[in-house]
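The residues making up each chain are set out below.
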Amino acid sequence: MMKFFNYCKVCYDELAHKVTWPTRKELTGSAVLVLTASVIIALVVFGMDFAFEKIMSLVYPG
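Residues numbered from 1 in each chain as written. Predicted model: local features only at pLDDT ≥ 70, side-chain atom pairs only at ≥ 80, totals over all residues. Heavy atoms only, no water.

1. Let's talk about the overall build of the chain
Along the chain, the regular secondary structure elements total two helices and zero strands. By the compact-globule yardstick of 11 Å for 62 residues, the chain is too spread out, its C-alpha radius of gyration being 25 Å. Based on the C-alpha atoms only, the size of the chain along its principal axes is roughly 70 × 35 × 10 Å. Across the 62 residues of the chain, 0% fall into the buried class. (Helix = DSSP H or I, 4+ residues; strand = E, 2+ residues; numbered from the N terminus. Rg over C-alpha atoms; globule rule 2.2 N^0.38 Å. Buried < 20%, exposed > 50% of the residue type's maximum accessible area, 1.4 Å probe, protein only.)

So this is what it looks like as structure tokens:
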């Protein structure tokens, strides 16, 4: 049981004192980057879906 408590203490110490947390500016920049990439990928997938739908409607009319 003592090993478990020691493990928890070491984990807390590492999390509280050794981890470098991002600044608010870095976090905002990363979030904007991820959001922008997600929107671009969604638009590409939408465009491909739309194009394939039109192509398939020409191949298989009706």
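2. What to know about a nonpolar patch on the surface
On the surface, Ile40, Val44, Met48, Phe52, Ile55, Met56, Val59 and Tyr60 cluster together to form a nonpolar patch covering roughly 810 Å² of accessible area. Within the secondary structure layout, tyrosine 60 lies in the segment after helix 2 (24-59). (Patch = residues over 30% accessible without salt bridge, like charges linked within 9 Å, V, L, I, M, F, W, Y side chains within 5 Å. Areas by Shrake-Rupley, 256 points an atom, 1.4 Å probe, with all protein chains shown as cover. Salt bridge = Lys/Arg side-chain N within 4 Å of Asp/Glu carboxyl O.)

3. Points about the state of the cysteines
Applying the stated criterion across every chain, the model contains zero disulfides. There is no disulfide at cysteine 8, and the cysteine sulfur nearest it, in cysteine 11, is 6.4 Å away. The class for cysteine 8 is partly exposed, based on a relative accessible area of 34%. (Disulfide = S-S within 2.5 Å.)

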